[in-house]
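Spelled out from the first residue to the last, the chains are:
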Amino acid sequence: MKKLLLLTLSFAVPVLAAPSAQVFDAVKKPESLDAQWRARLCALLPQPCDVQQLGLYRPRGAAPGDYVVLSAEPLAMARIKRSTDAAGWQLDRLHDFSGYAQSLKKDSGAEQPEARLSLAPALYPLAEGKWAVAVLQTVSEMYSGGGASFDTADFVPLEGGKAVHEDIPFSCFKMIRACFSEKEYKTSKHCHDESNGSLRIAYGEAAKPGAPYEWQYTWLQSKWPQNEPQSVATTTRIRFTAKTTERADFCGGPQ
């Protein structure tokens, strides 16, 4: 019996647990590290580089001196190191997504509103040893006394190429004015209808080495109705898949 048990275990398929996403925390005062950090980090990226489209981050749990810079123009992620000597910033690894950005611009029709591209500050596990970035496409709308912003994500492997998951609702915010007279502004508890939503991803196990992890999406959305205080909100959780993204309310969606 003992020999049979060992034989059964030897033929068991290994189940590999997926790691969590790797989150980057924004450096709150990068000027305290280097007053010229924007220009110096832009020099390490593909050109032309817009210094105002940079963000400096620290990966959680990273070694001292390890940083990540995210750029929207060009669309790129760079792992960099900060040294105390005259060398300053040193490029460790560059991930250039400018080609993917160009393909998105070519595919977008003239009738669609122009989306602003950026990278979310995180890495997402695809399979053992493989990671993806979230290329965000942001569409904004302005209303009288309000506005909205909608983010969808394409999850692209760090090595580049085609997206593994496309057009996934990522986050949204919408505020619509609900008071129009001076009396309403004086008497109403809350003069806007507001809603915001955000994506949660759970990563399932891989059946064998190299197999992709199963992604499970949950959409979390909160709404603050008219004439209710900010402390009163209705929150809903919705499970959806890449094929059922319409289940996520997406704050009403771009109009």
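Above this text is the structure in question.
These lines cover the structure that appears in this document, whether it is placed above or below. Just so you know, these numbers come straight off a predicted model, no measurement behind them. (Residues numbered from 1 in each chain as written. Predicted model: local features only at pLDDT ≥ 70, side-chain atom pairs only at ≥ 80, totals over all residues. Heavy atoms only, no water.)

So, on to the state of the cysteines. The full count for this structure, using the stated rule, is two disulfides. Cys42 shares a disulfide with Cys49; S-S distance 2.0 Å. An S-S torsion of about -70° defines the bridge between Cys42 and Cys49 as left-handed. Each member of the pair, Cys42 as well as Cys49, is classed as buried. With a sulfur-sulfur separation of 2.0 Å, Cys172 is cross-linked through a disulfide to Cys251. Here the S-S torsion is close to 70°, and the disulfide linking Cys172 with Cys251 is therefore right-handed. Here Cys172, found in strand E10 (residues 165-177), pairs with Cys251, found in the segment after strand E13 (234-240); they are 79 residues apart in sequence, far enough to count as distant. Each member of the pair, Cys172 together with Cys251, is buried. (Disulfide = S-S within 2.5 Å. Buried < 20%, exposed > 50% of the residue type's maximum accessible area, 1.4 Å probe, protein only. Helix = DSSP H or I, 4+ residues; strand = E, 2+ residues; numbered from the N terminus.)

With that settled, consider the pattern of salt bridges. Counted according to the given criterion, the structure contains five salt bridges. In this structure, the salt-bridge partner of Asp34 is Arg82, at a minimum N-O distance of 3.9 Å. Highlighted residues: Asp34 in the loop between strand E1 (22-26) and helix H2 (37-42) and Arg82 in strand E4 (residues 75-82), separated in sequence by 48 residues. Put simply, Lys223 and Asp249 hold a salt bridge, and the shortest N to O gap is 3.9 Å. Of this pair, Lys223 sits in strand E12 (residues 215-224) while Asp249 sits in the segment after E13, and the two are 26 residues apart along the sequence. (Salt bridge = Lys/Arg side-chain N within 4 Å of Asp/Glu carboxyl O.)

To continue, consider helix H3 (residues 98-107). At 3.6 residues per turn, the α-helix brings residues three or four places apart onto the same side. Burial in H3 covers these residues: Tyr100, Ala101 and Leu104. For H3, the angular spread of the buried residues around the axis is 105°, confining them to a single face. Of the surrounding secondary structure, the elements contacted by the buried residues of H3 are E4, strand E6 (116-119), strand E8 (130-143), strand E9 (146-157) and E10. (Arc of directions from axis to C-beta. Contact = heavy atoms within 4.5 Å.)

Across the seven residues of strand E3 (residues 66-72), seven count as buried, placing the element largely inside the fold. Neither face of E3 is exposed, since Asp66, Val68, Leu70 and Ala72 on one face and Tyr67, Val69 and Ser71 on the opposite face are all buried. Note: strand E2 (residues 54-59) against E3, four bridges, orientation antiparallel. Residue Gly55 lies in a different strand from E3, and its bridge partner there is Leu70. Turn length for the E2-E3 hairpin, with the two strands adjacent in sequence and antiparallel, is six residues, and the turn residue Gly61 shows positive phi of about 80°. Looking at chain direction, E3 and E4 are connected through seven bridges and run antiparallel. Its bridge partner being in E4, Val69 is matched across the sheet by Ala78. Linking two consecutive strands that pair antiparallel, namely E3 and E4, is a turn of two residues. (Pairing = 2+ DSSP bridges.)

Scope: geometric values only; no functional claims are made or implied.
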